[in-house]
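Architecture at a glance
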Amino acid sequence: MHGKPLVYFDSAATAQKPSIVIQTISDFYRDHYATVHRAIYELAIRATEQYQQTRQKVQRFLHAKKREEIIFTRGTTESINLVAYSFGKAFVKPGDEILVSAMEHHSNIVPWQILCEERGAVLKVIPMNEKGELLLDEYAHLLNKRTKLVAVNQISNALGTVNPIKKMIQMAHEKGAKFLVDGAQSAPHIPVDVQDLDADFFVFSGHKVMGPTGIGILYGKEELLNQMPPYQGGGDMIEKVTFSHTTYNTLPFKFEAGTPMIAEIIGLGAAIDYMEQVGMENIQQWEAELLRYATAQIKDIPGLHIVGQAAEKRGGLISFIIDGIHPLDIGSLLDLHGIAIRTGHHCAQPVMDFFHISSTARASFAFYNTKEEIDYFVSCLQECIRKIKN
Ligand code: PMP
């Protein structure tokens, strides 16, 4: 990049791909390509097998009870929209309440707003403090008999906070509310066990776990998914169609209308194999070490403020602002050194409003990053600050 080796610190937006993922997708298109489900010829049977294997891999990756509980979608955003639409239609009535937290990504706010507007329900917000920690006492007060669902991220993309999701799920269940975990920033970085969490729904995106774009996952408890109406109508999701009446397919197909994203699903399978080979515990440990190393180096830079300082565990990202310098200028100057960081509101405008800022600079790490890259980033950052201030 600009004649320098790339330092990629934007994995919270999307992750780079291991060769095996690219190879698997191109092999599939070149040598094994066919549709799934519908055909009896060998090529399609093999494609169907490979595609179904991914469902099992995701089941294992999330420690789900059954593979029927794994629904393929286009991404976290579509998974949340699916739940908002289908769960909403089945369970949400006027006067009911949906809870989200003050640190959600827009994709975990807007679908619930749309649902609440349509059903006459009320959206309520679990507040946070200046460190970027959710206020659990306030959460306990907000939960009540009218709360139908709580939707909260496990790790915040804007602040790095790791939320105490297991406890929050337990608290929701005590009041009879269901819980959706936005795992977009946790599935790529920490081991996830949906049964241990007792999550009702867990969603994530393939492109952040080293897989391709255009594929995402919705995990849902079987008994809930069975009670929810389909999200879209079309091929594959039906059992029998007549002009007077249609009956629907069983799980997971009821929620997968149309020809699926076959190559992307197969690519996701390769990505999950790869992540498991590296080991989610190893990934978690290394990223924690990178975070500790980077934080120690940048925290004393004069005028630099880290936005999001949760005392408990934090995810591998640092959101920061520097007095008198616009984050956009920091991002642009670092780019000239070959360093890719994200600047902006990170699709979390309410978080920015809370801190009375319009944007931050965000460096986010993945297991393929190194301490040498952090050293380079810190020295370039200091140089950029000197340049702008002089
Ligand atoms: N939630 C969180 C916490 C995220 O970080 C993101 C992606 N930045 C999303 C949801 C949306 O994911 P996608 O754009 O892949 O659907």
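Please refer to the structure placed before this passage.
Here we summarise the structure given alongside this text. From a predicted model like this one, the values you see are computed outputs, not experimental measurements.

Remarks on the overall build of the protein chain
Assigned secondary structure in the protein chain consists of 13 helices and 15 strands. For the protein chain, the C-alpha radius of gyration of 22 Å lies close to 21 Å, the compact-globule estimate for 390 residues. Overall, the protein chain is about 75 × 55 × 35 Å in size when its C-alpha atoms are taken along their principal axes. Counting the 390 residues in the protein chain, one finds 54% classified as buried. In the protein chain, the proportion of contacts linking residues at least 24 apart, taken out of those at least 6 apart, comes to 72%.

Considerations on the site of the ligand
The ligand sits among T76, T77, H105, S107, N157, D182, A184, Q185, S205, H207 and K208. Measuring from an oxygen atom of the ligand, one finds a backbone N or O atom of T76 at 3.4 Å. Between the ligand and S205 there is a distance of 2.6 Å, counted from an oxygen atom to a side-chain nitrogen or oxygen. Here the ligand loses 85% of its free accessible area of 390 Å² to cover by the protein chains. Looking at the shell around the ligand residue by residue, the classes come out as 1 nonpolar, 8 polar and 2 charged.

Details of the state of the cysteines
Enumeration according to the criterion identifies 0 disulfides in this entry. There is no disulfide at C380, and the cysteine sulfur nearest it, in C384, is 6.5 Å away. Taking relative accessible area as the criterion, C380 reaches 3% and is therefore assigned buried.

Points about the sheet that holds strand β2 (residues 70-73)
Within the open sheet, the 7 strands sit side by side as β2-β8-β7-β6-β5-β3-β4. Their pairing is mixed. Unpaired on one side and paired on the other, β2 and β4 (122-126) mark the two borders of the sheet. Going from strand to strand, the sheet's axes swing by 20 degrees on average, the running direction of each strand aside. Bridging between strand β6 (residues 178-182) and strand β7 (residues 201-205) involves 3 bridges; their strand directions are parallel. Of the residues in β7, the one forming a bridge with D182 is V203. Where helix α2 (residues 42-62) meets the sheet, it contacts β2, β7 and β8 (216-220), and its direction lies at approximately 115 degrees from that of β2. Contacts between helix α6 (residues 165-174) and the sheet are confined to β4, β5 (147-153) and β6, with β6 contributing the most and set at about 160 degrees to the helix.

A short note on the nonpolar core
Core analysis: the largest hydrophobic core is formed by 68 residues, its most contacted members being L62, Y139, V150, F179 and F202. When we break this core down by domain, the ones giving at least three residues each are domain 1 (7-17 + 279-389) and domain 2 (19-277). Leaving out residues up to four positions away in the same chain, Y139 has contacts with L99, I126, V150, M168, M171, A172 and F179. Within the second largest apolar cluster, 28 residues are counted, among which are V7, I298, F320 and I341.

Some details on helix α11 (residues 327-336)
Helical geometry: 3.6 residues make up each α-helical turn, so side chains three or four residues apart lie on a common side. When α11 is considered as a whole, its buried residues turn out to be P327, I330, G331, L333 and L334. Just past α11, the residue G338 takes up positive phi, approximately 85 degrees.

Focus: unusual backbone geometry
Here the amide bond leading from L251 into P252 is cis, since omega sits at 0 degrees, within 30 degrees of zero. Along the chain, P252 falls in the loop between β10 (246-248) and α9 (262-278). Here H63, not a glycine, exhibits a phi torsion of approximately 60 degrees, which is positive. Structurally, the position occupied by H63 is in the loop between α2 and β2. On the basis of relative accessibility, which here comes to 39%, the residue H63 falls in the partly exposed class.

Rules used in this analysis
- Residues numbered from 1 in each chain as written.
- Predicted model: local features only at pLDDT ≥ 70, side-chain atom pairs only at ≥ 80, totals over all residues.
- Heavy atoms only, no water.
- Helix = DSSP H or I, 4+ residues; strand = E, 2+ residues; numbered from the N terminus.
- Rg over C-alpha atoms; globule rule 2.2 N^0.38 Å.
- Buried < 20%, exposed > 50% of the residue type's maximum accessible area, 1.4 Å probe, protein only.
- Contact = heavy atoms within 4.5 Å.
- Near = heavy atom within 4 Å.
- Polar contact = N/O pair within 3.5 Å; in protein donor to acceptor, adjacent residues only side chain to side chain.
- Areas by Shrake-Rupley, 256 points an atom, 1.4 Å probe, with all protein chains shown as cover.
- Nonpolar A, V, L, I, M, F, W, Y, C, P; charged D, E, K, R; others polar.
- Disulfide = S-S within 2.5 Å.
- Pairing = 2+ DSSP bridges.
- Axes fitted to C-alpha atoms, helices over the stretch in contact; angles between N-to-C directions.
- Core = buried A, V, L, I, M, F, W, Y, C linked by side-chain atoms within 4.5 Å.
- Domains from an automatic or database assignment.

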